[in-house]
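# Close look at the chain arrangement
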Amino acid sequence: MRQSVDDNVPIARRTGDDDELDFDVLVSLVGYHLRRAQVAVFNDFAGQMAGEQITPGQFGVIALIGANPGLTQSALARAVGIERSTMVAVIDALESRGIVERRASPVDRRSYALVLTDTGQEMLARLKPMVADHEARIGGGLTDDERRQLIRLLKKLADGV
């Protein structure tokens, strides 16, 4: 980015055209590119799910509970990589919408077993094809091998941090 003559402060380019910006160190930062990709993916997901009022994180929670009825909040929080206290708020929101239900755990009286309600199961069945469309759209420029490699590399990054 250009510097002003008087005080050595960056001056924004007048065109606003990204091709003319100097991205400095950002072009080499994995985190920068991950964040840009995340924003693009989340925006597409939000557009796809506008009528459902579901975030990517909520979909992940619903999918995991649907595939693992009786899952505890602690196990679910570990699986999605968030703090247990944050998970409580997510489950509270889904429970208030009638999507998830907390039941007494048959193996641990200190925790709840999470299950999808009938409404939650119907929603998950409705969401899965929508998510498949979203995935096809965002990954449309990748070959099957590139897609598998990207997922493998993202998992490697997440596991290494």
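Right above here is the structure, for reference.
We now turn to the structure provided with this report.

Thresholds applied
Residues numbered from 1 in each chain as written. Predicted model: local features only at pLDDT ≥ 70, side-chain atom pairs only at ≥ 80, totals over all residues. Heavy atoms only, no water. Axes fitted to C-alpha atoms, helices over the stretch in contact; angles between N-to-C directions. Helix = DSSP H or I, 4+ residues; strand = E, 2+ residues; numbered from the N terminus. Parallel < 35°, antiparallel > 145°, perpendicular 65-115°, else oblique. Left-handed = near helix turned anticlockwise from the far one by under 90°. Contact = heavy atoms within 4.5 Å. Nonpolar A, V, L, I, M, F, W, Y, C, P; charged D, E, K, R; others polar. Expected span 1.5 Å × (residues − 1). Core = buried A, V, L, I, M, F, W, Y, C linked by side-chain atoms within 4.5 Å. Buried < 20%, exposed > 50% of the residue type's maximum accessible area, 1.4 Å probe, protein only.

For the pair helix α2 (residues 56-67) and helix α5 (residues 118-138), the least separation of the axes is 10 Å and the interaxial angle reads 120 degrees. As judged from the angle between their axes, α2 and α5 are oblique. Where α2 crosses over α5, the handedness of that crossing is left-handed. Here F59, I62, A63 and G66 of α2 lie close against α5, whose contacting residues are G120, M123, L124, L127 and V131. In terms of residue class, the contact of α2 with α5 is made up of seven nonpolar, two polar and no charged.

The end-to-end C-alpha separation of helix α4 (residues 84-96) is 18 Å, in line with the 18 Å expected for 13 residues at 1.5 Å each. Next to the buried residues of α4 lie α2, α3 (73-80), β1 (100-104) and β2 (112-116). Just downstream of α4 lies G98, where phi reads positive at about 75 degrees.

Attention now moves to the nonpolar core. By size, the foremost hydrophobic cluster in this structure holds 22 residues, and its most contacted members are I62, I65, L76, I91 and V100. Secondary structure elements with two or more residues in this core: α2, α3, α4, β2 and α5. Per-element tally for this core: the top contributor is α5, with five residues.

Look at D24: it is not a glycine, yet its phi comes out positive at around 50 degrees. Structurally, D24 is set in the segment before α1 (30-48). Here D24 falls in the exposed class, since its relative accessible area comes to 60%.

With that settled, consider α5. Given 3.6 residues to a turn, an α-helix orients residues that are three or four positions apart in the same direction. Taking 1.5 Å of rise per residue, 21 residues should cover 30 Å, and α5 covers 30 Å from first to last C-alpha, within 8% of that figure. Along α5, the positions that sit buried rather than exposed are G120, M123, L124, L127, M130, V131 and H134. Its buried side turned inward, α5 meets α1, α2 and β2.

Glancing now at the environment of V88. Of note, V88 is situated in helix α4. A sequence separation of 14 residues divides V88 from S74, and the C-alpha atoms of the two residues are 9.2 Å apart. Not counting residues up to four positions away in its chain, the partners in contact with V88 are Q73 and R102.

Between two packed helices, what matters for the description is the angle formed by their axes and the separation of those axes. Where α3 meets α4, the axes come as close as 9 Å, and the angle between the chain directions of the two elements is 105 degrees. Classified by the interaxial angle, the pair formed by α3 and α4 is roughly perpendicular. Contacts from Q73, S74, L76, A77 and V80 of α3 reach α4 at R84, M87, V88 and I91. Counted by class, the contact of α3 with α4 contains six nonpolar, two polar and one charged residues.

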